[in-house]
Amino acid sequence: MKLRSIAGMCVFVYLWRDRWRQRNQLVSKTWPYFGNLFEMRTNAARLYDWVYEYMSKSPTGTVEVSIGTLRAIMVGRPDIVEHILKTRFNNYIKARAMSHEILGTGILNADGDVWKQHRKLASYEFSSIKLREVSTEAYRELALRLLTFLDTVADSHKQVDIQDLFLRMTMDAFCKIGFGVDQHTLSPDLPEAKFANAFDKLAELSIQLSNRSVLNNDKHDLLSRFLSSKDQNGEPLSDKVLRDATVNFLLAGRDTTALTLGWFMYLLSCNPEVAQKGTRNFSNFANSLTFDALGKLHYIHATLSESLRLYPPIPWDGKFAVDDDVLPDGTIVKRGEVVVYVQYAMGRMELLWGPDASQFRPERWLKDNVYQPESPFKFSAFQAGPRICLGKDTAYLQMKMTAALLIRFFRIQVVPNQDVAYRVSLVLAIRDGLQVTVQRR
Ligand code: HEM
């Protein structure tokens, strides 16, 4: 009898706890101690959709996820995202969340004063007109290299993995802009160039290059520019700082842009009427894709933003709480807990985008054919607040250059009956690549 009442009491406390949590807008189902472990394992291959499903049911979009004693708070409402990324910026830090071995003390992993120094230096470099010119040139050259490659397979029914080609293109572009070196991974024979190999090579290369740097005053690649920069004591940047900076930029800028272009191609193939509209608009500009001309491509800008809304290359991003806090919806955060804003779920929530949130509709970004930016706390693909992505403009530049040229000269068809699904990883890649066939227009 005694045992029964204890068991009954436990069930009552457990159910009561769940009801209490639901009143506080935290709706995920948990098991004592194991938390969400079983559910997460069942949903491992579709983790971001699993979070999205809970978020869309939560009145404030906040969901608690726990495993054992670890607790993460997933958020999606713009005012809460603003709270963690801006209002209480100093309370939500990276805490070296990513691999220290690879990223060192570079910008992506740094906090506090170290981050401030990186940010100041990098912001200065990113706003330089010279770098903008060098980038536009490199993006054009590499997009044309991609076109030349596609021309060799066009009309042959040969299948190619376009995601792989985009990754090669952004790698080559990054090396040109970052180090002033051409890696030629997009050569006609498509040399074996897996990301990890190239990444290792780059880390080495950046160190080798730093040794020949003094001879390079006339160069305008990022590394050369960093080499001529000084730290806060007026000293040249150390080899380690240089290596960390370049590796961080590579990680931040290479996959993100290429993967967005991959999803973009996939979405266009599902919505052929969008590609048709685009063609009429871009064809006038195809031969004069200067920086200014690219700025006028409002429809393609909207189309890329729409891809980023549905398939943000960084699907979620967590920050650790330095101190206890209360989020705007009343959720209590304890010191050391992680608060995650989930770009993937946010981009699909009807609460934010209306009843057609799941549809690919670039027009939602346009008014009188002019692109209308959204609040970065709502369209959070590039993060927001003081740490907003530094490469946003250059990423759009490269994506617009590539997309405009591709769509102008080729009809790209996604091979039917492929299982197009994402891989759960640091970035949102199409798990098995995207096989396409290419025809000349
Ligand atoms: C579609 C393309 C891109 C997307 C969606 C994107 C998104 C993001 C996001 C979500 C963050 C925050 C990451 C974090 O704090 O953990 C970030 C940071 C950053 N991104 Fe991008 N990014 C893109 C392209 C680029 C490019 C091309 C570059 C430059 C080469 C770049 C440079 C950076 C840098 C330096 C940061 C760190 C900013 C800081 O912590 O102060 N990104 N980006």
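Calculation notes
Residues numbered from 1 in each chain as written. Predicted model: local features only at pLDDT ≥ 70, side-chain atom pairs only at ≥ 80, totals over all residues. Heavy atoms only, no water. UniProt positions renumbered as here; feature names shortened; annotations may be inferred. Helix = DSSP H or I, 4+ residues; strand = E, 2+ residues; numbered from the N terminus. Salt bridge = Lys/Arg side-chain N within 4 Å of Asp/Glu carboxyl O. Near = heavy atom within 4 Å. Polar contact = N/O pair within 3.5 Å; in protein donor to acceptor, adjacent residues only side chain to side chain. Nonpolar A, V, L, I, M, F, W, Y, C, P; charged D, E, K, R; others polar. Buried < 20%, exposed > 50% of the residue type's maximum accessible area, 1.4 Å probe, protein only. Contact = heavy atoms within 4.5 Å.

So, the UniProt feature "binding site: heme" (unreviewed entry) in the protein chain
In the UniProt entry, the feature "binding site: heme" (unreviewed entry) is given for Cys 389. On the secondary structure map, Cys 389 appears in the loop between β10 (370-371) and α17 (392-409).

So, unusual backbone geometry
In this model, His 157 sits at a positive phi of 65°, which is unusual for a non-glycine residue. With respect to the helices, strands and loops of the structure, His 157 is situated in the loop between α7 (129-153) and β4 (160-161). Although it is not a glycine, Asn 417 sits at a positive phi angle of roughly 65°. Structurally, Asn 417 can be placed in the loop between β11 (410-414) and β12 (435-440).

Side note on the pattern of salt bridges
In the structure shown here, the tally under the stated rule is 25 salt bridges. Two residues, Asp 172 and Arg 145, come together in a salt bridge whose shortest N-O distance is 3.4 Å. One end of the pair, Asp 172, is in helix α8 (residues 162-179); the other, Arg 145, is in helix α7, and 27 residues separate them in sequence. Among the salt bridges present, the one from Asp 151 reaches Arg 440, with a minimum N-O distance of 2.7 Å. Of this pair, Asp 151 sits in helix α7 while Arg 440 sits in strand β12, placing them 289 residues apart in sequence. Connected through salt bridges with shared partners, the residues Glu 141, Arg 145, Asp 172, Lys 176 and Asp 182 form a single ionic network.

Re the site of the ligand
The environment of the ligand is made up of 27 residues, and the closest members are Lys 94, Trp 115, Arg 119, Arg 387 and Cys 389. In the environment of the ligand, an oxygen atom lies 3.3 Å from a nitrogen or oxygen atom belonging to the side chain of Asp 317. In this structure, an oxygen atom belonging to the ligand sits 2.8 Å away from a side-chain N or O atom of Arg 387. Broken down by secondary-structure element, the contributors of at least two residues to the shell around the ligand are α6 (112-126), α11 (239-270), β5 (317-321) and α17. The element best represented in the shell around the ligand is α11, accounting for 6 residues. Here the shell around the ligand is built from residues that sort into 14 nonpolar, 8 polar and 5 charged.

Observations regarding the side chain of Lys 378
Residue position: Lys 378 is located in the loop between β10 and α17. Residue classification places Lys 378 among the buried positions, given a relative accessible area of 17%. Separated by 3.2 Å, the side chains of Lys 378 and Glu 374 make a polar contact. Setting aside residues up to four positions removed in sequence, Lys 378 forms contacts with Pro 78, Met 346, Leu 352 and Trp 353.

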